[in-house]
Amino acid sequence: ALALLPALRYSLDSTENHASVSQTMELMTLMVEENQAVFEKIPDSVLHRLTDLVCVPRAGPESFDYCDPVHNIVSRVTPLKLSNGYDSSIDVDLRDRSVDLLVKLTAIGPDMKRRAGRGRLAPSGRHGINSRLYDGLIAMLTCRTGRHDSAQLAGVLLSNLAVAPENRPGIQYMESRL
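Residues numbered from 1 in each chain as written. Predicted model: local features only at pLDDT ≥ 70, side-chain atom pairs only at ≥ 80, totals over all residues. Heavy atoms only, no water.

Enquirer: I'd like a description of the overall build of the chain, backed by residues and values.
Expert: Of the regular secondary structure elements, the chain holds 10 helices and 4 strands. Looking at the chain residue by residue over its 178 residues, the buried ones come to 44%. Counting only contacts in the chain whose residues sit at least 6 apart along the sequence, the fraction spanning at least 24 positions is 68%. (Helix = DSSP H or I, 4+ residues; strand = E, 2+ residues; numbered from the N terminus. Buried < 20%, exposed > 50% of the residue type's maximum accessible area, 1.4 Å probe, protein only. Contact = heavy atoms within 4.5 Å.)

Written out as structure tokens, the structure is:
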């Protein structure tokens, strides 16, 4: 199963193919419970990609071009975006699948909780906070779209992340945003 991780990472990068990314996350979700020892060694790049998917914009086949007749500007929007604003500008399917998988991964152990909450490695050699993840979780807690348990999933993930003392700056960042 460890040999599959680079291929799974590659599949997660396929932003043009929504189905491929969804199926990859579904496969990983099914595999994580029986292969926890393997997923403990998951590369940080895969974790960061999963956290990036929490905020991926909706721009798939269900979106369409909208021409503003007053300004003659064309923008890529979804039918929901016209009526709901932020809630529909994010691909909630990928967001919810990603957070569901992150909940299962962070349940593996304290090291995974710490790694999921930290940001990318800076040139200084230190990890910052994963502000993109925390901003996405704030939105999930307050949104109206997605699965019926989206806010619960966000709460469970935050709870898992809060257990790691290294994630305290991220939790404080979230508190300041609220």
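Enquirer: I'd like a description of the pattern of salt bridges, backed by residues and values.
Expert: Under the definition given, this model contains 10 salt bridges. Glutamate 33 is paired through a salt bridge with lysine 104; the nearest N and O atoms lie 3.0 Å apart. Separated by 71 residues along the polypeptide, glutamate 33 in the loop between helix H2 (18–32) and helix H3 (36–39) and lysine 104 in helix H6 (residues 92–106) bring together distant segments of the chain. Ionic pairing is found between arginine 115 and aspartate 111, a salt bridge with its closest N-O pair at 3.9 Å. Of the two residues, arginine 115 and aspartate 111 are both situated in helix H7 (residues 110–117); the distance of 4 residues between them amounts to about one turn of the helix. Since its relative accessible area comes to 36%, aspartate 111 is described here as partly exposed. Shared partners join several salt bridges into a network, and the residues in it are Asp44, Asp111, Arg114, Arg115 and Arg118. (Salt bridge = Lys/Arg side-chain N within 4 Å of Asp/Glu carboxyl O.)

Enquirer: A description of H6 should follow, citing residues and the corresponding values.
Expert: The first and last C-alpha atoms of H6 sit 20 Å apart over 15 residues, in line with the 21 Å expected at 1.5 Å per residue. Of all 15 residues in H6, 12 are buried; the element is thus mostly enclosed. Among all positions in H6, only Val92, Leu94, Arg95, Asp96, Ser98, Val99, Asp100, Leu101, Leu102, Val103, Leu105 and Thr106 are buried. Contacts from the buried residues of H6 go to H2, H3, helix H4 (44–52), H7, helix H8 (131–142) and helix H9 (150–162). (Expected span 1.5 Å × (residues − 1).)

Enquirer: Please set out the side chain of aspartate 52 residue by residue, giving values where relevant.
Expert: Inspection of the secondary structure assignment puts aspartate 52 in helix H4. A relative accessible area of 14% places aspartate 52 in the buried class. Each residue touching aspartate 52, except ones within four places of it in the same chain, is listed here: Arg120 and Arg132.

Enquirer: Go over helix H10 (residues 168–177) with me, naming the residues and quoting the values.
Expert: Within H10, burial applies to Gly170, Ile171 and Met174. The buried residues of H10 all sit within an arc of 100° when viewed along its axis, so they share a single face. Turned more than 90 degrees off the buried face of H10, the exposed positions are Arg168, Glu175 and Ser176. Close packing links the buried residues of H10 with strand S4 (127–129), H8 and H9. (Arc of directions from axis to C-beta.)

Enquirer: Pulling in residues and values, what's your account of the environment of leucine 8?
Expert: By the secondary structure assignment, leucine 8 is in helix H1 (residues 5–12). When its relative accessible area of 7% is taken as the criterion, leucine 8 is described as buried. As for leucine 8 and valine 46, which are separated by 38 residues in sequence, their C-alpha atoms are 8.3 Å apart. Setting aside chain neighbours within four positions, we find leucine 8 in contact with Thr24, Leu27 and Met28.

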